[in-house]
Amino acid sequence: MGPWLFTTALAGCTGHRVPLPSGRFSGSSASPVLPPRHLLAFHFTVLSFFLFLLRLFFAFFFLATEGKQEAPAAESNSRALQGKAGDRSSVLYSAGQFFFEYLVVVSLKKTSDGRYEPKIAYQFPKRENLLRGQKEEEERLLQAIPLFCFPDGNNWAPVTDFTSETFSFVLTNVDGSRKIGYCRRLLPSGRGVRLPEVFCIISCLGCFGLFSKILDEVEKRRQISMAVIYPFMQGLRESPFPAPGKTVTIKSFIPESGTELIELTRPVDAHLEHVEFQALLQRLSPNLILHIFASAVLERRLIFLAEELSVLSQCIHAVAALLYPFTWAHTYIPVVPECLLDTVCCPTPFMVGIQMRHLERVLDQPMEEALIVDLCEGKIIRAVGDEEEILPIKLQNEMLTSLNRHNNNNNVHTPEQVNTLVSEAFVQFFVRIVGHYASHIKWSKNGPGTFQERAFCKAIASKTNRKFVKKFVKTNMFSLFIEDAEKNRIPQEVYFQQKITEYHEQKKHRRDS
């Protein structure tokens, strides 16, 4: 396992490269070294950028030791997840591997100055007989988690009532591989005033809906006793992660209720199992969603504002998912901890979520051009100004029609149907724009292929489409996608390839009829 840098999120990578004590560089960029065609132009002075990196270096915790997984099967699956430096960073969900690596409980402990500091109060499993490097790695991991379980500062006070909330963060490796933290913040049962605590599941697997259900079971058991959580999590850890569309059944005993059978099912469409588009559609108009999508496609800076951690987490995951089959390959922090608000000064692209209470501090920061979205009011606070002109107008109108059609029949669809309908509109956009990419990869006899960028752009008949594509091919997300395509004659994104094939068949059918 390579060096780890911790950032909150679902699928995201930081564009920063932070010097480690060993002299190596860590950052959660999907590609540790940016491809030559995508060198970034930094606008900060040398001094200010150095100070910015230095601040991040002390703010973030990271792991810089080599370690191995507990069991050979898990080790081989972990290697498959991590890939090689430069691989695209989309999380692969291999059936059969462990559901999770750790369950930790983070509680608030009072400090000498009367404030509260998050600390790990419980950890499962407790790993023993670790090598020195593995032990140091685990310690740094466990040190980092509390900051992201309580990202909203340490000004807490005991309460009698607290609405539980669910959110997530991502721990990103230098090679783009990820661990995801699924969090449920709740008030433990009892009398009188109490402090909330966070149950956090650390896993390499991205499936928000499934882990949300697991956290429901954890919360139910927490109201009975902490002791009831252990056998449930042990049973879960011993069960293989199911394949898409498949179900795994966990047996769990609860006092006074007897043995329960808990069924955990993965969605059939794996690329939609970590997203809830409904959360985005409930807060933003289709027009605004397209403006955000246009900014994200060109890898600009995006800031989302809301008060609830769950809203920030769900909406930013949804925006990132709109980019499928591409992956956001820069700074990605759905809930920025209060001590890291300087992230908005980053000169490279980012997609971050910030609690509304920090709006004034954010606006006072010396940041470059960014799109700032208010999820509470459903409006854009600050924009670059050209968002309506980025996407080809014909394709933009088709996506708008599709999103409006969903809004007009909002009560008819289940969350799964919403995910499919929304995803289809944006996948079709990429099919129409870049679906011919495979025809412009020139293959050598035994080696990798070479993408013919000029011929690829020239093959686009529409001038407006071609104008957009010439910008899009310069993004890091397109570069990483093409790098993967150049390595594999068989397309890795099966669903996207299926949609390309369907589109060409429909085109042929229209010509022939």
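Above this text sits the structure in question.
Rules used throughout
- Residues numbered from 1 in each chain as written.
- Predicted model: local features only at pLDDT ≥ 70, side-chain atom pairs only at ≥ 80, totals over all residues.
- Heavy atoms only, no water.
- Buried < 20%, exposed > 50% of the residue type's maximum accessible area, 1.4 Å probe, protein only.
- Helix = DSSP H or I, 4+ residues; strand = E, 2+ residues; numbered from the N terminus.
- Pairing = 2+ DSSP bridges.
- Salt bridge = Lys/Arg side-chain N within 4 Å of Asp/Glu carboxyl O.
- Axes fitted to C-alpha atoms, helices over the stretch in contact; angles between N-to-C directions.
- Parallel < 35°, antiparallel > 145°, perpendicular 65-115°, else oblique.
- Contact = heavy atoms within 4.5 Å.
- Nonpolar A, V, L, I, M, F, W, Y, C, P; charged D, E, K, R; others polar.

Chemist: Is there a simple way to explain the pairing of strand β15 (residues 371-374) in this structure?
Modeler: The two faces of a sheet get side chains in turn, since along a regular strand they alternate between them. The side-chain alternation of β15 yields two buried faces, one formed by Leu371 and Val373 and the other by Ile372 and Asp374. When strand β12 (residues 301-306) meets β15, the two strands line up parallel, connected through four bridges. Pairing of Leu305 across the sheet is with Asp374, part of β15. Pairing of β15 with strand β16 (residues 379-382) involves three bridges; the strand directions are antiparallel. Following the sheet pairing, Val373 is matched in β16 by Ile380.

Chemist: Help me understand the pattern of salt bridges, please; the structure alone is not making it clear to me.
Modeler: Close approach of charged atoms allows side chains of opposite charge to pair. Enumeration according to the criterion identifies 19 salt bridges in this entry. Among the ionic pairs, Glu117 bridges to Lys119, the shortest N-O distance being 3.4 Å. With a relative accessible area of 40%, Lys119 lands in the partly exposed category. For the salt bridge of Arg221 with Glu260, the shortest nitrogen-to-oxygen distance reads 3.8 Å. With Arg221 in helix α4 (residues 208-222) and Glu260 in strand β11 (residues 258-265), this residue pair connects regions lying 39 residues apart in the sequence. With a relative accessible area of 0%, Arg221 lands in the buried category. Owing to a relative accessible area of 22%, Glu260 belongs among the partly exposed residues under this scheme.

Chemist: Can you help me understand the packing of α4 against helix α5 (residues 226-237) in this one?
Modeler: When two helices pack together, their arrangement is given by the angle between their axes and by how far apart the axes lie. Remark: α4 packs on α5, axes separated minimally by 7 Å, with the N-to-C direction vectors making an angle of 155 degrees. Judged on the interaxial angle alone, α5 and α4 are roughly antiparallel. Of the residues in α5, those touching α4 at Ile214, Glu217, Val218, Arg221 and Arg222 are Met226, Val228, Ile229, Phe232, Met233 and Leu236. Class assignment of the residues belonging to the contact of α4 with α5 gives a composition of eight nonpolar, no polar and three charged.

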